[in-house]
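In case you want the letters, here they are:
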Amino acid sequence: MKPFTIAGIQMKVPATHSNLEMMKLKLDITMNIYPSVQLVLFSELCAYGPLTYYAQEIPGDFEQEMKAMAKKHGIWLLPGSIFEKDGDKIYNTASVINPDGEVVTRYRKMFPFYPYEAGVTPGHEFCTFDIPDVGRFGVSICYDMWFPETVRTLAVMGAEVILHPTMTGTMDREIELSIDQAMAAVNQCYFFDVNGLDSGGIGRSTICGPDGRVIYQA
């Protein structure tokens, strides 16, 4: 087995409409303290917050800045998700960027959490990507994992690691921690569930291994 190091960053939702500079700072700090990290995963909607009013076009300025950061540090980067404006529709979208600063795939959340994501259109395509000489990774977002078929499908598609940005600030977090363990064990995969902080969530980000055990909880 080839070692591969993943870091999760629990971000607070911005007091203003943009968290971009704070995300860049946190990433710089993380890579300075832990230079061995090869992939960084941020929490859901941490860049612009949970208001669809601040939806951005993709590709756009945010993705461009994140591409530059991935290339700067030579890492794989999943910078949480943002609300994506596409014509008259809005999606909750996560981008995956490689160490060359290239977007290798994007994923649109399949199960928006209504009524909190009122007006958000569900995505309809599952998302996996390969990291050479490491393995296959799958992407899901927050409420998606409450529907076990989503993680099972990613596993059937060959995903060995699920990257799962989350924004949960309610008592549901307790149940989600059980789901993390169940999804990892049932699908024999690693499950990285990274939650936000403050108005962006209540933390308790969790990493589970294929045996269902909690490897780490923030």
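Trainee: Describe helix α1 (residues 20-33), listing the residues and the values that go with them.
Mentor: Helical periodicity: at 3.6 residues per turn, an α-helix aligns residues three or four positions apart in one direction. Its 14 residues place the ends of α1 20 Å apart at the C-alpha level, agreeing with the 20 Å of an ideal helix rising 1.5 Å per residue. Contact partners of the buried residues in α1: β1 (6-9), β2 (39-42), α2 (61-73) and β3 (76-78).

Trainee: Go over the packing of helix α3 (residues 148-156) against helix α4 (residues 172-187), please, and point to the residues and values.
Mentor: At a minimum axis separation of 10 Å, α3 and α4 run at an interaxial angle of 35 degrees. Taken as a pair, α3 and α4 cross one another with a handedness that is right-handed. Along its contact with α3, which presents Pro148, Val151, Arg152 and Ala155, the element α4 presents Met183, Val186 and Asn187. Its residues assigned to classes, the contact of α3 with α4 shows 5 nonpolar, 1 polar and 1 charged.

Trainee: Tell me about the sheet that holds strand β9 (residues 161-165), and name the residues and values.
Mentor: If you walk across this open sheet you meet the 6 strands as β7-β8-β9-β10-β11-β12, and the pairing is mixed. The open sheet has two free edges, formed respectively by β7 (128-131) and β12 (214-217), since each of these has just one partner strand. This sheet shows a mean twist of 15 degrees between the axes of neighbouring strands, independent of strand direction. Pairing analysis gives 3 bridges linking strand β8 (residues 135-139) to β9, with the strands arranged parallel.

Reading the values: rules and limits
Residues numbered from 1 in each chain as written. Predicted model: local features only at pLDDT ≥ 70, side-chain atom pairs only at ≥ 80, totals over all residues. Heavy atoms only, no water. Helix = DSSP H or I, 4+ residues; strand = E, 2+ residues; numbered from the N terminus. Expected span 1.5 Å × (residues − 1). Contact = heavy atoms within 4.5 Å. Axes fitted to C-alpha atoms, helices over the stretch in contact; angles between N-to-C directions. Left-handed = near helix turned anticlockwise from the far one by under 90°. Nonpolar A, V, L, I, M, F, W, Y, C, P; charged D, E, K, R; others polar. Pairing = 2+ DSSP bridges.

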